[in-house]
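Understanding the architecture of this molecule
Each chain, written out:
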Amino acid sequence: MESPFRPDVLRGKAALVTGGGSGIGFEVAAQLARHGAQVALMGRRREVLDKAVAALRSEGLRAVGFDGDVRKQEDAARVLAATVEHFGKLDILVNGAAGNFLASPEDLKPKGFRTVLDIDTVGTYTMCYEAMKYLKKGGQGRGPSSGGLIINISATLHYTAAWYQIHVSAAKAGVDSITRSLALEWGTDYDVRVNGIAPGPIQDTPGMRKLAPEEMSQGRQEMRPLFKLGEKWDIAMAALYLASDAGKYVNGATIVVDGGLWLSRPRHIPKEDVKALSKVVEKKVRASGVGVPSSKL
């Protein structure tokens, strides 16, 4: 699908994307690069990074990969320093590294719960903490009057509740809180904008293959308001909006990109039965006199 943004909308920008070797993270990195940015990818698996970087470079894009674990502060510091050394600055940090799996609370050991929070929540904060000295106005490679941008990839699971996702719901609620708090404090003090993107179910991603395998998906189309899954492209376009001048006054927001799924509820009765049922109910109400204005009695 053709992008609605100019190809040079991010010309001269430098970005680091954690979890950028595959899935949503890779698509975000690719679209940032296709729109003029230089991109660094961070991930734990060297072979995945090398394949992703090679794919971007085959398009003539400027990309580099650094292996590291967002749970380790020393890795975060090293990768950020290497990114700035390579590109001369950092303008955009995208925190896309995440962990997830299906688990009932009674079967989820605290260690597994903690692992997801360490990756999603603590990892997000660790990357933000180590990146701030490069993103703040007047930071290394930056001018004295403008700061950079942080985009945290979140979710919608914690807006209500989600079966078998207590660990990720807790983790992403923490990510959203980090987004708002840093937007307030760093936006005020350092001109660093901090925003989030909350994807819904996105097709052809590792997350969907783990959380909603094909065996589970039959007959669930009715639960999706737009009757389709989202695409990685949709999330990348939201990131481009936030990273471009179009989003320059957006700070502390988490953009939901899920087709309205988080609003959906099971349909209580078929639509074709609603009119007939309404007439039956109205007839009963009138017969009982309850709730009918006195002038109608």
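Up top is the structure.
Scope of this entry: the structure provided in the associated data block. Since the structure is predicted, the reported quantities are computational estimates derived from the model, not experimental observations.

1. Describing the environment of Gly148
With respect to the secondary-structure elements, Gly148 resides in the loop between helix H4 (110-135) and strand E5 (149-153). In the structure, Gly148 is positioned 13 residues away from Leu135 in sequence and 4.7 Å away in space, judged by C-alpha atoms. Apart from the residues within four sequence positions on either side, Gly148 is in contact with Asp91, Leu135, Arg142, Asp191, Val192 and Arg193.

2. What about the packing of aromatic side chains?
The tally for this structure, following the rule as stated, stands at three aromatic pairs. Both rings, one in Tyr159 and one in Trp262, keep their centres 5.1 Å apart while their planes meet at 80°; by these two values the pair is edge-to-face. Here the residue Tyr159 occupies a position in the loop between E5 and helix H5 (166-190), and Trp262 occupies one in the loop between strand E7 (254-257) and helix H9 (271-288), the gap between them amounting to 103 residues. Take Tyr159: its relative accessible area is 27%, and that puts it in the partly exposed class. Relative accessible area serves as the criterion here: at 33%, Trp262 is assigned to the partly exposed category. Ring centres of Trp163 and Tyr164 lie 5.8 Å apart, and the angle between their planes is 50°; this geometry places the pair in the tilted category. Judged by its relative accessible area of 71%, Trp163 falls in the exposed class.

3. Let's talk about the sheet that holds E5
The strand order across the open sheet built from seven strands is E3-E2-E1-E4-E5-E6-E7, with neighbouring strands paired in parallel fashion. The open sheet has two edge strands with one neighbour each: strand E3 (63-67) and E7. Each neighbouring strand pair of the sheet contributes to a mean axis angle of 20°, computed without reference to strand direction. The pairing of strand E4 (residues 92-95) with E5 spans four bridges and is parallel. Residue Asn95 lies in a different strand from E5, and its bridge partner there is Asn152. Across the sheet, helix H2 (residues 46-57) touches strand E2 (38-43) and E3, and the angle it forms with E3 is around 175°.

What counts, and where the lines are drawn
Residues numbered from 1 in each chain as written. Predicted model: local features only at pLDDT ≥ 70, side-chain atom pairs only at ≥ 80, totals over all residues. Heavy atoms only, no water. Helix = DSSP H or I, 4+ residues; strand = E, 2+ residues; numbered from the N terminus. Contact = heavy atoms within 4.5 Å. Phe/Tyr/Trp six-rings, centres within 6.5 Å; stacked < 30°, edge-to-face > 60°. Buried < 20%, exposed > 50% of the residue type's maximum accessible area, 1.4 Å probe, protein only. Pairing = 2+ DSSP bridges. Axes fitted to C-alpha atoms, helices over the stretch in contact; angles between N-to-C directions.

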